[in-house]
Amino acid sequence: MKRRIMVVDDSRITELQIQGLLADTDFEVVAHCENGEEAIARYSEVRPDIVTMDIIMPGIDGLETAQVLLNEHPDAKILMISSLAYDDTIEEASIIGTKGFLCKPLSQDGLVEALEQVLHNG
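Now for a quick tour of the structure. Computed from a predicted structure; not experimentally measured.

1. Quick word on the pattern of salt bridges
- Scanning the model with the defined rule gives six salt bridges in all.
- Ionic pairing is found between Asp-9 and Lys-104, a salt bridge with its closest N-O pair at 3.3 Å. Of the two residues, Asp-9 sits in the loop between strand 1 (3-8) and helix 1 (12-21) while Lys-104 sits in the loop between strand 5 (100-103) and helix 5 (108-121), which places them 95 residues apart along the sequence.
- You can call Asp-9 buried: its relative accessible area is 3%.
- Judged by relative accessible area, Lys-104 falls into the partly exposed class, the value being 27%.
- One salt bridge in this structure joins Arg-42 and Glu-38, with 3.7 Å as the shortest N-O distance. Taken together, the residues span about one helical turn, with Arg-42 and Glu-38 both in helix 2 (residues 36-46) at a distance of four residues.
- In this structure Arg-42 comes out as partly exposed when scored by relative accessible area, which is 23%.
- Residues participating in the shared-partner salt-bridge network are Asp-9, Asp-54 and Lys-104.

Encoded structure:
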């Protein structure tokens with residue numbers, strides 16, 4: 001059975017890229033949310049195995065969204081995906097309780113490896 005991924009990213013291109021990279025893997029994108037508010041509202045309905053979370057989005061950003069999701073769903077497994085790979089951002093994501101951080105641009109091997117780590121270490 002494939003693992004269910006919820007992509008939270010305001011870029012439709014990133015969502016399609018993640019879908020494409022996961023096409024022949026044990027993971028599938030089951031939901032795409034364009035902002036944090038939508039992700040918070042849909043998490044309970046979607047019940048994903050893993051959430052991939054962009055940081056820079058309209059409305060509340062990915063770090064704040066991750067904090068809210070983890071407060072409401074402590075078992076949520078969140079992988080931050082961003083082009084903002086600053087040490088303080090990565091550290092803040094870790095302190096919040098996210099399970100990993102992946103830098104853009106994405107590769108299939110890197111994405112699958114990060115998702116596997118989140119799944120098995122989270």
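2. Things to note about the environment of Ile-5
- If you trace the backbone, Ile-5 turns up in strand 1.
- With a relative accessible area of 0%, Ile-5 lands in the buried category.
- Here the alpha-carbon distance between Ile-5 and Ala-31, two residues 26 residues apart in the chain, equals 6.9 Å.
- Among residues more than four places away in sequence, those in contact with Ile-5 are Leu-22, Phe-27, Glu-28, Val-29, Val-30, Ala-31, Pro-48, Ile-50, Thr-52 and Leu-115.

3. So, the sheet that holds strand 3 (residues 50-53)
- An order of 2-1-3-4-5 is seen for the five strands of this open sheet, with the pairing classed as parallel. Only two strands of the sheet have a single neighbouring strand rather than two, namely strand 2 (27-33) and strand 5. On average, each strand axis in the sheet is tilted by 25° relative to the strand beside it, whichever way the strands run.
- Where strand 1 meets strand 2, six bridges bridge the pair, whose relative direction is parallel. Residue pairing for strand 2: Arg-4 is matched across the bridge by Glu-28.
- Contacting strand 3 and strand 4 (78-82), helix 3 (residues 62-72) runs over the sheet at an angle of about 175° to strand 4.

Calculation criteria
Starting from 1, residues in each chain are numbered consecutively following that chain's sequence as written. It should be noted that, the model being predicted, local features are given only for residues of pLDDT at least 70 and side-chain atom pairs only at 80 or more, the latter also being counted only at that level, while totals for whole chains, interfaces and linings use all residues. Each side-chain value is worked out from all heavy atoms of the structure, with water and hydrogens disregarded. We define a salt bridge as a side-chain nitrogen of Lys or Arg found within 4 Å of a carboxyl oxygen belonging to Asp or Glu. Helix numbering and strand numbering both begin at the N terminus, where a helix is a DSSP run of H or I of at least 4 residues and a strand a DSSP run of E of at least 2. Buried residues are those whose accessible area, probed at 1.4 Å on protein chains only, stays under 20% of the maximum for their type, while exposed residues exceed 50% and partly exposed ones sit between those limits. In this analysis, two residues are considered to be in contact whenever any of their non-hydrogen atoms come within 4.5 Å of each other. Two strands are said to pair when DSSP picks up at least two bridges between them. The axes used here are C-alpha line fits, helices contributing only the stretch in contact, and every angle between their N-to-C directions lies in the interval 0 to 180 degrees.

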